[in-house]
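# Summary of the model geometry
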Amino acid sequence: MTDSKYFTTTKKGEIFELKAELNSDKKEKKKEAVKKVIASMTVGKDVSALFPDVVNCMQTDNLELKKLVYLYLMNYAKSQPDMAIMAVNTFVKDCEDPNPLIRALAVRTMGCIRVDKITEYLCEPLRKCLKDEDPYVRKTAAVCVAKLHDINAQLVEDQGFLDTLKDLISDSNPMVVANAVAALSEIAESHPNSNLLDLNPQSINKLLTALNECTEWGQIFILDCLANYAPRDDRESQSICERVTPRLSHANSAVVLSAVKVLMKFMEMLPKDLDYYGTLLKKLAPPLVTLLSAEPELQYVALRNINLIVQKRPEILKHEMKVFFVKYNDPIYVKLEKLDIMIRLASQANIAQVLAELKEYATEVDVDFVRKAVRAIGRCAIKVEQSAERCVSTLLDLIQTKVNYVVQEAIVVIKDIFRKYPNKYESVIATLCENLDSLDEPEARAAMIWIVGEYAERIDNADELLESFLEGFHDESTQVQLQLLTAIVKLFLKKPTETQELVQQVLSLATQDSDNPDLRDRGYIYWRLLSTDPVAAKEVVLAEKPLISEETDLIEPTLLEELICHIGTLASVYHKPPSAFVEGSRGVMHKRLPARTGSGESTESPDVGTIAGGSGTETAPSIIPSQGDLLGDLLNLDLAPPTTTGPPPPTSGMQMGGMDLLGGGLDSLLGGDIGGSAAMGAGFGAVPAVMPASLNAPMGGGLGDLFDLGGGVGMPLGAYIPPKTVWLPAMKAKGLEISGTFARRAGVIQMELTLTNKAMSVMTDFAIQFNRNSFGLAPAGPLQVLSPLSPNQTIEVSLPLSTVGPVMKMEPLNNLQVAVKNNIDVFYFSCQYPISMLFVEDGKMERQVFLATWKDIPNENESQFQIKDCHLNSDAASNKLQASNIFTIAKRTVEGQDMLYMSIKLSNGIWVLAELRVQTGNPNYTDLEISVKCRAPEVSQCVFQCCEAVLKN
């Protein structure tokens, strides 16, 4: 009979009956009862009441029964820690059992019971098991050290288990070696600066010896560990590569990828003229090709890794183009990835083959795939110059098919080909113009408008074509509107007499009738240019454009190097460094490829590889999305944030001419529309922030001594709450006055409002809504105004806020735009919340993590500020700051200065580190100095203002 009988429910007094059966004298009955208990536990019933009775069953020689009891213990020890201690003696006894399976089972279970009280008793049995004569027990004990370290790191270090683990790397049994390496790697990940895996040629030799006899997962652990080793010279690199190469023929794809990672890393150190280098390149291709015969999910992971390898070393797979040809039954995600790799491998030798294949794909039924195939033809033209003509004729054939989406993609692609090869293929413009009416996608319309504007002098009816687009100007997308504006200005500069009316019409539409700030700004700039200096306008607008590069989607070199070091992991599938998606306090090490010996390359690359890798915005838990960069796209102007809300924009050409192009006039244009817009979701035309540049001053004295610090922090005070201010005066809101402030209480952000009715009528039906803002603040519930607000009545309302609303970067960063509705009207106002409302309670970093993070954040992200006239000593300052969740990690005194090192965590996961310097030696000097470091430097100014407010109030 199967085990399903244990899952069928029995009579009423189930727990009572099980209790009786557990205490039975018959072994078989006892085992059946434990199985029923485990079945109940599995389906979610609470059987914790049977804890003492199940624990009594531990005293048995039956291995199956013992396993079941241990399973029960693991599940319920956390909820019944006092009862779990009853089992300790049995564990200790089982750790000395003659049967190695029972010894290993006992130590494994003790490691899984995450109860502090039990961990103390675990040390002695664990120490014995680490030196057990049986390798199975030793390998289990090695993993147990990593589990124990996760529960209580200090205990593991004090008991000397880490040294024992290091000794196990020299064990005679390969599985013990593999598990010791796995445990040390796990511990090293959570302590990036500890040099636990101190690899040297001797230990590397032992690992390579164990590699041949391990299980497949053991091999992966050892290979990943080898990848972190830096060989002394190219001879050692070659020797390691020779011993790792046999792993390429392993059946497990994870082992293959780990071996590829080691070889890719150590190849960096081999001279390219070495015979072995060429041999190694040839050996790497077959295993990668073999991975593509697996099931689709594995193929996808392999393809994402191959994509990285091809960008680093295209020569490995340059003769294997055919394996990347798409099969009819490939899933779409595999097809798109193969297509990408085909383009990366395209060269003069194989371009004919590739183009024939791509043309075939362009007639498929899957729309997404067809679009990508048409784009791929354009990328081939840009990459392989000799094939450009053939690519253009292929695209023209596709346009003749008159399939709408194919035509639109082809036009987008031909625009890029014109950019790469100017004055070469313009004969096709006539064909493109025939398809003008069928274009309905913004990107295709924008591309066609660009072509018409760029080659207006060759198209007789260019003005008519552009005028046809102008008829529905307000219904077009922003992309098309911007392109149309630029194209008509180009046309005017080329044919000024015929198109004067047209240009005035488009400038008027863009500046007076549009509420899109990017479009307005571009319109005003063109208007000023044309009205002040047409010659300058011609030089700017009709300037010669730089040729576009062939590979615009290559991963930035330093990021690519880091991703190569993470082949076979999630980072290689996401194409992002681990720091971009691994959350938590565990430090993430930035890995780099070693420099080639004798090549003159410096081994010192910039301190933070990922920032250069284009992932700076992704590094910490992601920061604040910007508000769209169309303005920067215009003339790459570096605009300062608006300072004043100037007069309404001038309307006549004459007035425009009187304003200087980049003076205060532009600021007022940008600041003009922030007041009370009717559409709450429209973004209110705020401008992306331009934060003050870092002062980049050196860190004050020996941060490395942090481990010796003793920072005494006293009892926390109450958190600072700013006084209420009037946000909406009664005269602007038909008699409704709103004043308020923000507070954080027990981890909840509160908006504290005072509503006063200064009108003559009763106010009811209150509701509130926020615009998108930098940190996603949104009401967590409705505005609770329970009774009508009578004339001259005042009420206090507290509105809880959440931080899961839509996000958009505001200027200033802590600006909040609010709409309040009642039975009379909707009213709009802006207020600024203190950023301390977003400081969360778990913002205290560990010292080692603080030190690693401080060093990891580039110096240019450091800002320095002064807090004037602050009469506080360091302890008082620390207490005040801690009450607002600004935590002191450590304190030290240097030359009459107290240094406080502090950490803050914002609600969106951004960490801010700070150093506060307090003069203790000179009572007349009352200024404090603060240095702030953060991966999102735009936050630093707000954090300083907040610290200043907390310390001075």
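Under the annotation held in an unreviewed UniProt entry, the protein carries the name AP complex subunit beta and is attributed to Esox lucius. Turning to the protein, the UniProt record has this under Sequence similarities (unreviewed entry): "Belongs to the adaptor complexes large subunit family." What the UniProt record of the protein gives under Subcellular location (unreviewed entry) is the line "Endomembrane system".

### Comments concerning the overall build of the protein
Scanning the protein for helices and strands turns up 39 helices and 13 strands. Relative to its full complement of 953 residues, the protein shows a buried share of 52%. Intrachain contacts of the protein at a sequence separation of at least 6 include 68% that bridge at least 24 residues. Surface summary for the protein: the accessible area is close to 42,700 Å², and the carbon and sulfur share equals 51%.

### Focus on the pattern of salt bridges
In total, this model carries 35 salt bridges according to the counting rule given. Between Glu64 and Lys35 there is a salt bridge, with its nearest N and O atoms 3.2 Å apart. Taken as a pair, Glu64 in helix H4 (residues 63–76) and Lys35 in helix H2 (residues 27–42) lie far apart in primary sequence, 29 residues in all. With relative accessibility at 37%, the residue Glu64 sits in the partly exposed group.

### Focus on unusual backbone geometry
Cis geometry marks the peptide bond from Glu811 to Pro812, where omega comes out at -5°. Along the polypeptide, Pro812 turns up in the loop between strand E6 (794–802) and strand E7 (815–821). Even without being a glycine, His575 presents a positive backbone phi close to 60°. By the element assignment, His575 lies in the loop between helix H32 (570–574) and helix H33 (609–615). Positive phi, normally seen in glycine, also occurs at Asn792, with a value near 65°.

### Some words on a negative patch on the surface
A cluster of like negative charges, contributed by Glu464, Glu467, Glu471 and Glu501, occupies part of the molecular surface. Mapped onto the elements, Glu467 comes out in helix H26 (residues 462–470).

### Description of the side chain of Thr486
Mapped onto the elements of the fold, Thr486 is located in helix H27 (residues 478–494). Those residues in contact with Thr486, other than ones at most four positions away along the chain, are Arg522 and Tyr526.

### Comments concerning the pairing of strand E9 (residues 862–867)
The buried fraction of E9 amounts to five of the six residues, a majority that puts the element mostly inside the structure. By the bridge criterion, six bridges tie E9 to strand E13 (residues 928–934) in an arrangement that is antiparallel. Bridge assignment links Glu862 to a residue of E13, and that residue is Lys933.

### What to know about the sheet that holds E7
The three strands lie next to each other as E4-E7-E8, forming an open sheet whose pairing is antiparallel. Edge positions in the sheet fall to strand E4 (767–770) and strand E8 (826–832), since each has one partner strand and no second. If you compare each strand with its neighbour and ignore which way they point, the axes differ by 25° on average.

### Examining helix H7 (residues 100–112)
The terminal C-alpha atoms of H7 lie 18 Å apart, and with 13 residues this matches the ideal 18 Å at 1.5 Å per residue to within 8%. Regarding H7, the residues found buried are Ile102, Arg103, Ala104, Leu105, Ala106, Val107, Thr109, Met110 and Gly111. Residues of H7 that are buried make contact with H4, helix H6 (88–94), helix H8 (116–130) and helix H9 (135–151).

### Overview of the sheet that holds E6
What the five strands build is an open sheet, ordered E1-E2-E3-E6-E5; its pairing is antiparallel. Only two strands of the sheet have a single neighbouring strand rather than two, namely strand E1 (725–728) and strand E5 (778–779). Sheet analysis places strand E2 (residues 736–745) next to strand E3 (residues 748–757), joined by 10 bridges and oriented antiparallel. By the bridge assignment, Gly740 is partnered in E3 with Leu753.

### Description of the confidence of the model for the protein
The predicted coordinates ought not to be read in detail in places where the model reports low pLDDT. Overall, the predicted model of the protein reaches an average pLDDT of 79, with 84% of residues at or above 70. Scored below 50 in pLDDT, residues 598–716 makes 224 contacts in the model with residues more than four places away or belonging to other chains.

### Notes on the environment of Lys383
Tracing the backbone through its elements, the reader meets Lys383 in helix H21 (residues 367–383). Placed 35 residues apart in sequence, Lys383 and Gln348 show a C-alpha to C-alpha distance of 9.5 Å. Within the local environment of Lys383, its side chain forms a polar contact with the backbone oxygen of Ile343, the two atoms lying 3.1 Å apart.

### Comments concerning the packing of aromatic side chains
In this structure the tally under the stated criterion is 12 aromatic pairs. Ring plane angle 20° and centroid distance 6.0 Å describe the contact between Trp727 and Phe829, whose orientation is recorded as stacked. Linking Trp727 in strand E1 with Phe829 in strand E8, this pair joins segments that are 102 residues apart in sequence. Relative accessible area serves as the criterion here: at 12%, Trp727 is assigned to the buried category. Residue class for Phe829 comes out buried when judged on its relative accessible area of 7%. Note on Phe742 and Tyr833: the rings are 6.0 Å apart at their centroids and 70° apart in plane angle, and the pair reads as edge-to-face.

Calculation rules
- Each chain has its residues counted from 1, following the order in which its sequence is written.
- Owing to the predicted nature of the model, reporting of local features is limited to residues with pLDDT of at least 70; listing and counting of side-chain atom pairs is limited to 80 or more, with chain, interface and lining totals taken over all residues.
- Hydrogens and waters are ignored; side-chain quantities use all the structure's heavy atoms.
- UniProt positions are given in the numbering used here, feature names are shortened, and annotations may be inferred rather than shown by experiment.
- Secondary structure counts use DSSP, requiring at least four H or I residues in a row for a helix and at least two E residues in a row for a strand, with both numbered from the N terminus.
- Throughout this description, buried means an accessible area under 20% of the type-specific maximum (1.4 Å probe, protein chains only), exposed means over 50%, and partly exposed covers the range between.
- The contact criterion used is simple: two residues touch if any of their non-hydrogen atoms lie within 4.5 Å.
- Note on areas: Shrake-Rupley with a 1.4 Å probe; residue coverage comes only from the protein chains shown.
- By convention in these notes, a salt bridge is any Lys or Arg side-chain nitrogen within 4 Å of a carboxyl oxygen on Asp or Glu.
- Residues qualify for a patch when their relative accessible area is over 30% and they have no salt bridge, like charges being joined within 9 Å and the nonpolar side chains of Val, Leu, Ile, Met, Phe, Trp and Tyr within 5 Å.
- Residues scored as positive are Lys and Arg, those scored as negative are Asp and Glu, and His as well as the terminal groups of each chain are ignored.
- Think of each charge as sitting on NZ of Lys, CZ of Arg, CG of Asp or CD of Glu.
- Whether two strands pair comes down to DSSP finding at least two bridges between them.
- Lines are fitted to the C-alpha atoms to define the axes, a helix being fitted only along its stretch in contact, and any angle between axes, read from their N-to-C directions, falls within 0 to 180 degrees.
- Residue count minus one, scaled by 1.5 Å, sets the expected span of a helix.
- Along the chain, pLDDT gives the predictor's confidence residue by residue, from 0 to 100.
- Whenever a nitrogen or oxygen atom comes within 3.5 Å of another N or O atom, the pair is scored as a polar contact, on the condition that within protein one atom can donate a hydrogen and the other can accept it, and that pairs from neighbouring residues in sequence are kept only if both atoms are in side chains.
- The aromatic pairing rule takes the rings of Phe, Tyr and Trp, using the six-membered ring of Trp, and pairs them if the centres are within 6.5 Å, calling planes under 30 degrees apart stacked, those over 60 edge-to-face and the rest tilted.

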